[in-house]
Amino acid sequence: MAKEFDVVVIGGGPGGYVAAIRAAQLGFATACVEQWSDEAGKVVFGGTCLNVGCIPSKALLQSSENYHLAAHEFASHGIGVTGLSIDVAQMMKRKDKIVADNRAGILYLFKKNKVANFHGKGSLASGDDSGWTLKVALAAGGEETLHAKQVIIATGSSPRQLPGAPVDNQRILDNAGALSLTAVPKSLGVIGAGVIGLEMGSVWRRLGAEVTVLEALPAFLGLADDAIAKEALKVLTKDEGLAIELGVKIDKISAKKLVSVEYTDAAGAKQSKTFEKLIVAIGRAPNTAGLNAAGVGLALNERGQIEVDEQCRSNLPGVWAIGDVVRGPMLAHKAEEEGVAVAERIAGQYAHVDFNTIPWVIYTQPEIAWVGQTEQQLRAAGVTYRSGQFPFLANGRAKGLGETRGFVKFLADAKTDRVLGVHIIGPFASELISEAVVAMEFGASSEDIARICHAHPSLAEVVKEAALAVDKRAIHI
Ligand code: FAD
Ligand code: NAI
């Protein structure tokens, strides 16, 4: 006998578990199916983000930043540190506790909202006018049958593999391995100067590893505004000590005691480097295997993602898909927004996710964050715009913090002054970008932000001054 639900969510990452909670809040009998197990064999929610992504990486970034500050910055404050050391086991223990606390938090939220959960691999078996029959291959063995009027697929993504470089998480690491090293490697290679490569490279660099990042594309951080990408490349290489090589072609990787990487550099010369560990971070692929997509006729696109419309509807009635398994940026907050929107659409409510106002953040030091259009996108689209830029160097709070690198850049429509994009490299860019997101959501002009009173001294004053700079009337420069 199938267990009956209004909504079944397959996958309990930030897209899936948030969708399940919202569906339950809206009064639907809801279940969430998740295959992930912890060391004790118990079900684990939170997906990539909580377990091997956003949360553990930010925990390690903070630990390594603290170490770096103690080693290099405390002296300027008159604080002496002798015998500074890093206990990697303790750093990992702290990270694991943060993850464990959040895992428990999701189980608490499921209980509070009466979301049923099933531990196993979910798939679509068949559908008819009454809804969908799902099979769950239970982690404990056996099978459960569920029936739901609506199904939300939120199965996320997995690391893309580099041919010839099998990940063993001992010497060749994916994100999970990079987050679980037991010692600081002397030398670390990273394939891919994307978000994971830069964040994980930063963690281990700050703790003393010699880090070399090998990137296939000739341009650095192609998605970011050119001015931000240029500044980031300078700061990350010159100040932070990451060796970044662009435009390389990986020829051969062999792992013995060390990992050797043979590659052709941008000038066409053959190169070879040897590393104690190698992180492969070349993007992620959607998880659709095992869903029985072909069996039920669920359409995938040419990139292997579940094909959905703007509202996350698949080609099958009553089957929705959200997060990393569909088009759009692979970001936890994008997955969450889509999850909430789908639950609300199922309830007949209006919901909208504006891709243009999804913020991007890279948690390097200094942080990089942006929302909206880049200058090169505006130029390519033939939009006339004005830009304003203001450096953290001219801000009192940034000086007090000891982090004056970077700037805020505004792009506003030349005729209407409407904000089209905001780009930040600097301290707490991840927090500062929220003001720009709110402004863009409300269709603000740069003058609106320029006229808002910002606390003094605060980093947010740099945002205000950059908005003033659009009209060439920044005060402190
Ligand atoms: P996932 O989080 O991948 O969750 C999918 C879940 O579905 C998994 O738990 C999986 O086990 C389960 N599943 C899959 N198939 C089945 C099945 N058939 N049956 C049952 N369960 C199934 N994003 C940010 O926004 N900010 C960050 O700082 C950030 N940092 C990151 C750092 C790293 C190292 C990585 C790897 C990613 C990071 N991301 C970050 C990206 C973020 O983790 C993803 O965008 C996000 O997790 C996607 O959420 P999701 O719910 O779509 O998928
Ligand atoms: P990515 O797409 O950010 O970067 C991958 C990089 O690898 C690209 O620059 C690409 O050109 C390069 N590459 C691809 N093939 C290559 C090859 N053969 N040799 C050398 N370089 C190659 O992907 P990444 O870093 O794996 O992260 C996956 C996703 O996870 C990101 O797109 C992002 O959405 C998400 N993420 C988000 C974070 C955040 O929001 N702070 C942090 C970490 C990940």
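Residues numbered from 1 in each chain as written. Chains lettered and ligands numbered in written order. Predicted model: local features only at pLDDT ≥ 70, side-chain atom pairs only at ≥ 80, totals over all residues. Heavy atoms only, no water.

Peer 1: Can you help me understand the overall build of the protein chain in this one?
Peer 2: Looking only at helices and strands, one finds 14 helices and 21 strands in the protein chain. In terms of overall size, the protein chain behaves like a compact globule, its C-alpha atoms giving a radius of gyration of 24 Å where 477 residues would be expected to give roughly 23 Å. By principal-axis analysis of the C-alpha atoms, the protein chain measures approximately 70 × 60 × 45 Å. Here the protein chain, with 477 residues, has 52% of them falling under the buried criterion. (Helix = DSSP H or I, 4+ residues; strand = E, 2+ residues; numbered from the N terminus. Rg over C-alpha atoms; globule rule 2.2 N^0.38 Å. Buried < 20%, exposed > 50% of the residue type's maximum accessible area, 1.4 Å probe, protein only.)

Peer 1: Help me understand the pattern of salt bridges in this model?
Peer 2: Side-chain pairs of opposite charge can arise where the charged atoms are in close proximity. A full pass over the atoms with the stated rule returns 27 salt bridges. Here aspartate 96 and lysine 95 are joined by a salt bridge, their closest N and O atoms 3.1 Å apart. On the accessibility criterion, aspartate 96 (42% relative accessible area) is partly exposed. Measuring nitrogen to oxygen at the nearest pair gives 3.0 Å for the salt bridge that ties lysine 334 to glutamate 338. Taken together, the positions of lysine 334 and glutamate 338, both in helix H9 (residues 332–346) and four residues apart, correspond to about one turn of that helix. You'll find lysine 334 and glutamate 338 in the same group, each marked buried. Each member of the salt-bridge network shares a partner with another, and the members are Arg386, Asp417, Glu447, Arg451, Asp471 and Arg473. (Salt bridge = Lys/Arg side-chain N within 4 Å of Asp/Glu carboxyl O.)

Peer 1: I would appreciate a short explanation of the sheet that holds strand E8 (residues 187–191) in the present structure.
Peer 2: Sheet strands line up and pair through hydrogen bonds in the backbone, either parallel or antiparallel. The strand order across the open sheet formed by five strands is E7-E14-E8-E9-E10, and the pairing between neighbours is parallel. Whereas interior strands pair on both sides, the edge strands pair on one side only; in this sheet they are strand E7 (172–173) and strand E10 (243–245). Of the pairings in the sheet, the one linking E8 to strand E14 (residues 277–280) comprises four bridges and is parallel in character. By the bridge assignment for E14, leucine 188 is matched with lysine 277. Seen against the sheet, helix H6 (residues 195–206) touches E8, strand E9 (210–214), E10 and E14 and runs at an angle of roughly 165 degrees to E9. (Pairing = 2+ DSSP bridges. Contact = heavy atoms within 4.5 Å. Axes fitted to C-alpha atoms, helices over the stretch in contact; angles between N-to-C directions.)

Peer 1: Looking at this structure, I do not really get the nonpolar core. What am I missing?
Peer 2: One broad trend across soluble globular proteins is that nonpolar side chains are buried collectively. Within the largest apolar cluster, 38 residues are counted, with the highest numbers of intra-cluster contacts made by Met200, Trp204, Phe220, Leu221, Ile279 and Ile368. Those elements that provide at least two residues to this core are helix H3 (54–72), helix H4 (88–113), E8, H6, E9, helix H7 (226–239) and strand E18 (367–372). Here isoleucine 279 is in contact with Leu173, Ala178, Leu188, Gly189, Val190, Ile191 and Met200, once residues within four sequence places are set aside. Counting residues in hydrophobic clusters, the runner-up holds 32 residues, among them Val422, Ala429, Ala467 and Ala474. (Core = buried A, V, L, I, M, F, W, Y, C linked by side-chain atoms within 4.5 Å.)

Peer 1: I tried to follow the sheet that holds strand E20 (residues 407–413) on my own but got confused; where do I start?
Peer 2: Reading across the sheet, the five strands line up as E17-E18-E21-E20-E19 and stay open at both edges, with antiparallel pairing between neighbours. Unpaired on one side and paired on the other, strand E17 (360–362) and strand E19 (385–391) mark the two borders of the sheet. Strand-to-strand twist in this sheet, taken as the mean axis angle between neighbours without regard to direction, amounts to 10 degrees. In terms of strand pairing, E17 meets E18 through three bridges, oriented antiparallel. Within E18, the residue paired with tryptophan 360 across the bridge is tryptophan 370. Contacting E17, E18 and strand E21 (419–426), helix H12 (residues 429–441) crosses the sheet at an angle of about 10 degrees to E18. Sitting on the sheet, helix H14 (residues 460–470) touches E19 and E20, and the angle it makes with E19 is about 140 degrees.

Peer 1: Would you mind showing me how to read the site of ligand 2 here?
Peer 2: Neighbouring residues of ligand 2: 21 residues in total, closest Glu199, Glu215, Gly283, Met330 and Val361. Between an oxygen atom of ligand 2 and a main-chain N or O atom of valine 195, the distance comes to 3.2 Å. When the free accessible area of ligand 2 is taken as 830 Å², the share hidden by the protein chains comes to 77%. Ranked by residues supplied to the shell around ligand 2, first place goes to H6 with three residues. Residues of the shell around ligand 2, tallied by class, amount to 14 nonpolar, three polar and four charged. Residue contributions to the shell around ligand 2 reach at least three from each of two domains, namely domain 1 (3–158 + 285–353) and domain 2 (172–282). (Near = heavy atom within 4 Å. Polar contact = N/O pair within 3.5 Å; in protein donor to acceptor, adjacent residues only side chain to side chain. Areas by Shrake-Rupley, 256 points an atom, 1.4 Å probe, with all protein chains shown as cover. Nonpolar A, V, L, I, M, F, W, Y, C, P; charged D, E, K, R; others polar. Domains from an automatic or database assignment.)

Peer 1: When you look at the packing of aromatic side chains in this model, what are you seeing that I'm missing?
Peer 2: Per the stated rule, a full pass over the model turns up three aromatic pairs. Consider the rings of phenylalanine 45 and phenylalanine 110, whose centres lie 4.8 Å apart with planes at 70 degrees: the pair is edge-to-face. In this pair, phenylalanine 45 sits in the loop between strand E2 (30–34) and helix H2 (47–52) while phenylalanine 110 sits in helix H4, placing the two residues 65 residues apart along the sequence. By relative accessible area, phenylalanine 110 is classed as buried at 1%. Taking 5.6 Å as the distance between ring centres and 5 degrees as the angle between the ring planes, the aromatic pair formed by tryptophan 360 and tryptophan 370 counts as stacked. (Phe/Tyr/Trp six-rings, centres within 6.5 Å; stacked < 30°, edge-to-face > 60°.)

Peer 1: Would you explain a nonpolar patch on the surface in this entry?
Peer 2: Where nonpolar side chains cluster on the molecular surface, the patch consists of Ile79, Val81 and Leu84 and spans about 220 Å² of accessible area. Locating valine 81 in the fold gives a position in the loop between H3 and H4. Taking the relative accessible area as the measure of exposure, valine 81 reaches 38% and is therefore partly exposed. (Patch = residues over 30% accessible without salt bridge, like charges linked within 9 Å, V, L, I, M, F, W, Y side chains within 5 Å.)

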